[in-house]
Amino acid sequence: MNILNKPSFQTLERALDAAALRQKVIADNVANVDTPFFKRSDVRFEELLQQEMSGAGIEGYRTDPRHFYIGRPPKPEPQIVRDNQSMVNNNLNNVDIDYEMALMAKNQLRYNVMVQQVSGEIKKIRTAIGGRV
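Everything quoted here is computed from the prediction, not taken from an experiment.

When its secondary structure is counted, the protein chain shows 3 helices and 2 strands. Tracing the protein chain from N to C terminus, the helices and strands come up as α-β-α-β-α. At a minimum sequence separation of 6, the contacts of the protein chain that also span at least 24 residues come to 73%. Put simply, the protein chain shows about 9200 Å² of open surface, and 55% of that area lies on carbon and sulfur atoms.

With that settled, consider unusual backbone geometry. A positive phi is found at Phe37, a non-glycine position, where the angle reads about 70 degrees. Tracing the backbone shows Phe37 in the loop between helix 1 (7–31) and strand 1 (41–44). Residue Phe37 is classed as exposed on the basis of its relative accessible area of 58%. At Leu92, a residue that is not glycine, the phi angle is positive and equals roughly 70 degrees. Within the secondary structure, Leu92 is located in the loop between strand 2 (79–82) and helix 3 (97–130). The class of Leu92 is partly exposed, set by a relative accessible area of 34%.

On to the nonpolar core, then. Across soluble globular proteins, you tend to see nonpolar side chains buried next to one another. Formed by Phe9, Leu12, Ala15, Leu16, Ala18, Ala19, Phe45, Leu49, Met114 and Val118, the largest nonpolar core amounts to 10 residues. Of all elements in the fold, only helix 1 and helix 3 reach the threshold of two or more residues within this core. Ranked by the residues each element gives to this core, the list is headed by helix 1, at 6 residues. Those residues in contact with Ala19 that lie beyond four places of it in its chain are Asn107, Tyr111 and Met114.

Bringing the packing of helix 1 against helix 3 into the picture now. Between helix 1 and helix 3, whose axes approach to 9 Å, the crossing angle comes to 155 degrees. Between helix 1 and helix 3, the crossing angle belongs to the class labelled roughly antiparallel. In this structure, helix 1 meets helix 3 at a crossing whose hand is left-handed. Residues that form the contact of helix 1 with helix 3 fall into these classes: 16 nonpolar, 5 polar and 4 charged.

Our next topic: the environment of Phe45. Mapped onto the elements of the fold, Phe45 is located in the loop between strand 1 and helix 2 (46–54). Take Phe45: its relative accessible area is 1%, and that puts it in the buried class. Those residues in contact with Phe45, other than ones at most four positions away along the chain, are Arg14, Ala15, Ala18, Arg22, Pro76, Glu77 and Pro78.

Take the UniProt feature "domain: Flagellar basal body rod protein N-terminal" (unreviewed entry) in the protein chain next. Per the UniProt record, the feature "domain: Flagellar basal body rod protein N-terminal" (unreviewed entry) sits at residues 9–38. In the segment residues 9–38, helix accounts for 77% and strand for 0%; the C-alpha atoms at its two ends are 37 Å apart.

With that out of the way, let us pick up the pattern of salt bridges. Inspection of the entire model under this criterion finds 6 salt bridges. Between Glu77 and Arg14 there is a salt bridge, with its nearest N and O atoms 2.6 Å apart. Of this pair, Glu77 sits in the loop between helix 2 and strand 2 while Arg14 sits in helix 1; the two residues are 63 residues apart in sequence, bridging distant segments of the chain. Taking relative accessible area as the criterion, Glu77 reaches 47% and is therefore assigned partly exposed.

What counts and how
- Residues numbered from 1 in each chain as written.
- Predicted model: local features only at pLDDT ≥ 70, side-chain atom pairs only at ≥ 80, totals over all residues.
- Heavy atoms only, no water.
- Helix = DSSP H or I, 4+ residues; strand = E, 2+ residues; numbered from the N terminus.
- Contact = heavy atoms within 4.5 Å.
- Areas by Shrake-Rupley, 256 points an atom, 1.4 Å probe, with all protein chains shown as cover.
- Buried < 20%, exposed > 50% of the residue type's maximum accessible area, 1.4 Å probe, protein only.
- Core = buried A, V, L, I, M, F, W, Y, C linked by side-chain atoms within 4.5 Å.
- Axes fitted to C-alpha atoms, helices over the stretch in contact; angles between N-to-C directions.
- Parallel < 35°, antiparallel > 145°, perpendicular 65-115°, else oblique.
- Left-handed = near helix turned anticlockwise from the far one by under 90°.
- Nonpolar A, V, L, I, M, F, W, Y, C, P; charged D, E, K, R; others polar.
- UniProt positions renumbered as here; feature names shortened; annotations may be inferred.
- Salt bridge = Lys/Arg side-chain N within 4 Å of Asp/Glu carboxyl O.

Set out below in structure tokens:
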């Protein structure tokens, strides 16, 4: 079975995509910190993944990509959500630069951990195929 087709690897790939999208959204928020009436956005993914995984139940093992799924693999897509409720500045802009920079640092750390995990999985495959690192 190809490791790249495993649901866990695909979920990790989606998480990396969500982190990359989150970086773009945060950068957009920071770029518009002084834009009047701008409303910040955020990316929802981890909550959606948790909801999917909590209701997934039993999943069957597939030995061929043409086989039917038994159960449902979690495949949430990241969603961009706009915060229209809060207000930080007098110009109705709700971007707090300190909060956005903290989110950016947190997202960068999360992304780095996931990249290391993917790298470790690929390294294991290389070792299994070639017998050395």
